[in-house]
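Understanding the architecture of this molecule
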Amino acid sequence: MHLKMSNKLKIYLLSGAFILFGVIVMLARNLMLDVPLMPDQRAKIWEIQFSFRVSPDVLSPSKGPIKLTLQTPKDYEIPFEILDAQNTSPGYDFQELPEEKNSDYRQVTWTSNNNWDRSNIYYRLLMLPKHTTDYSYGIPSDQEKFDIQHNLSDQANQLKLQTLLESFNLDKLTPKQKILHLLEELTNLSADQKTSLLTDMRYDRLVDLWRDLINLSQIPAFPVSGFTLEDDSTYYSITTRTAFLINGRLNFYDPETNMITEDPSFFILGDDRDWVTEVENGSLSSLKISVKQTSLPLSAISAIKNTHNPLAQFSLYKLPTDYRISVNMLLLLPLGALVVVFLRVFIGIRTTGTFMPVLLALSFLEIGLFKGLLIFLIITGIGIVIRSFLNKVNILLVARIAVVIALVILIIVILSLITNALDIFGFFAVAFLPMIIIAWTIERLSIVLDEDGFKEALIQLAGSLGSAILIYCLCCLDVVTYWTSYFPEMLFIEIGCLLLIGHYTGYRLLELMRFGAFANHHKVETQK
């Protein structure tokens, strides 16, 4: 008796330790990182990833290591708050240069450890849009506003520009009308007239002449480089646009609408094409910019901001997006197993295995509940019929299971081809169903059919599907997905609960039905 009590006490202490540790870490994450215990509001953030590939200088490789310098805007200068900047550059030493007070940019550099290193450089920014319009990035200073950068050192050329500007009669026009009128006048010139005008004014490009004329009309105009923030976009080059300062706000020309408007979706990297300030001992051979908009809870944003806290280093947000999605799915497995164990131990529901309902529920999350049930029943029904035929030819268990797995995959391929021919969208997602578990389910149900009859097989199938549906509904709750995603220490609590449930040896709820007749008979006998 003493030994039994001692083992029972050990189970209680161990499970209590697991649960207590999980609760402590959850509370610490809540208090130290300001991660709320319940789901909160969400905010949209932009995820921008730069991918560079730098080629070494082949003609003179002995000059030294390759050095790439990138300038990005300071977060207090732009309408975005830079939450996090992550660097992945194997073979390169990364360094953030000290910010200069008079500069709108901050610079980061990569220096190669190997002169011939051709590894890709990845740099990712997470940015939260600001709700304020009080920012100064891209707006020139008073001293820079009316500087014309081409050919103004020559007084005679400046007089020519002034004479040309006066010929357009812009006095009674608004700033936006002036910009559009100048553009229309210049673009309507014939090819010979454009060539003659550019030669006479000593300009190489018509856009430079247009920009200088706008500056002379007391409207600051200057080139900027950047790209448009559009979800799931990829850019392989940087766009250069002319920005106009009208009433203290940046405006851009939209060629599609032929209008001058503000464009908050255009992310400015720098002036003209100087956004990459320098590549030493090499050249920039390729560039890729990936833009993605995601929605994160405010708690996640708070956790990202607290990067200096050691507890934040164990956050799932540090993982790449693809890995994070997979880990979040894995964290639902123990919770589903806990539900199945509870139903089997306390309720008495019979299922075909412990993990079959869990994996089935997770597959339903990917392909939908109704569609998943329909596909599962079709595959299982056909598989049981085929399995009964294999049982008659006396094939070994291992070979029989392998044949069933192959047949399950064959059924899925056939279903995919049929649904594709019938233009039934979405049934290709059957690949998310756990093939091995389905094969074992078919084997298990076939054995139950042979040994215990159709009723018992139907009870176990109904118990498995009912458990899977319950787990599916539980995983669809926002609070459940929130806890598993933002509090991975929930695993310790689940382990503690599983230890406690595993120590239970009492009656199950459904067993009351088994002994109901006996209890009624005992009651009648007692009354006699």
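Quick look at the structure, then. Note that the structure is predicted; figures quoted are calculated from it, not measured.

Scoring rules and cut-offs
- Residues numbered from 1 in each chain as written.
- Predicted model: local features only at pLDDT ≥ 70, side-chain atom pairs only at ≥ 80, totals over all residues.
- Heavy atoms only, no water.
- Helix = DSSP H or I, 4+ residues; strand = E, 2+ residues; numbered from the N terminus.
- Buried < 20%, exposed > 50% of the residue type's maximum accessible area, 1.4 Å probe, protein only.
- Contact = heavy atoms within 4.5 Å.
- Phe/Tyr/Trp six-rings, centres within 6.5 Å; stacked < 30°, edge-to-face > 60°.
- Lys NZ or Arg CZ within 6 Å of the ring centre and 35° of its normal.
- Core = buried A, V, L, I, M, F, W, Y, C linked by side-chain atoms within 4.5 Å.
- Axes fitted to C-alpha atoms, helices over the stretch in contact; angles between N-to-C directions.
- Parallel < 35°, antiparallel > 145°, perpendicular 65-115°, else oblique.
- Left-handed = near helix turned anticlockwise from the far one by under 90°.
- Nonpolar A, V, L, I, M, F, W, Y, C, P; charged D, E, K, R; others polar.

1. Remarks on the side chain of Thr441
For Thr441, the location among the structural elements is in helix H11 (residues 435-452). On the basis of relative accessibility, which here comes to 3%, the residue Thr441 falls in the buried class. Ignoring sequence-local partners within four residues, the contact set of Thr441 consists of Thr352, Met356 and Phe376.

2. What to know about the packing of aromatic side chains
For the structure on display, the rule yields 16 aromatic pairs. Both rings, one in Phe94 and one in Tyr123, keep their centres 5.9 Å apart while their planes meet at 35 degrees; by these two values the pair is tilted. Placement of the pair is Phe94 in strand E4 (residues 92-96) and Tyr123 in strand E6 (residues 120-129), with a sequence separation of 29 residues. Taking the centre distance of 5.1 Å and the plane angle of 50 degrees together, the rings of Phe342 and Phe346 count as tilted. Remark: Phe346 and Phe342 occur in helix H7 (residues 321-347); sequence separation between them is four residues, near one turn of the helix. Ring pairs connect the aromatic residues Phe50, Phe52, Phe94, Trp110, Tyr123, Phe227, Tyr235 and Phe267, which therefore count as one cluster. A cation over a ring is seen here: Arg241 above Phe266, with NZ or CZ 4.8 Å from the ring centre.

3. A closer look at the nonpolar core
In this structure, Leu360, Phe376, Ile379, Val408 and Ile471 are the most contacted members of the largest nonpolar core, which totals 35 residues. Mapped onto this core, the elements with two or more residues apiece are H7, helix H8 (355-367), helix H9 (369-392), helix H10 (397-421), H11 and helix H12 (454-475). In terms of residue count, H12 provides more of this core than any other element does, seven residues in total. In terms of nonpolar packing, the next biggest core, distinct from the first, is built from 26 residues, Ile121, Tyr235, Phe267 and Ile289 among them.

4. Things to note about the packing of H9 against H11
How two helices sit against one another is set out by the angle between their axes and by the gap between those axes. Contact pair H9 / H11: the axes reach a minimum separation of 9 Å and the direction vectors enclose 60 degrees. Regarding the angle of H9 to H11, the classification is oblique. The hand of the H9/H11 crossing is right-handed. Residues Phe376, Ile379, Thr380, Gly383, Ile384, Arg387 and Asn391 of H9 form the contact with H11, whose participating residues are Ile438, Thr441, Ile442, Glu443, Leu445, Ser446, Ile447, Leu449 and Asp450. Looking at the contact of H9 with H11, its residues break down into eight nonpolar, five polar and three charged.

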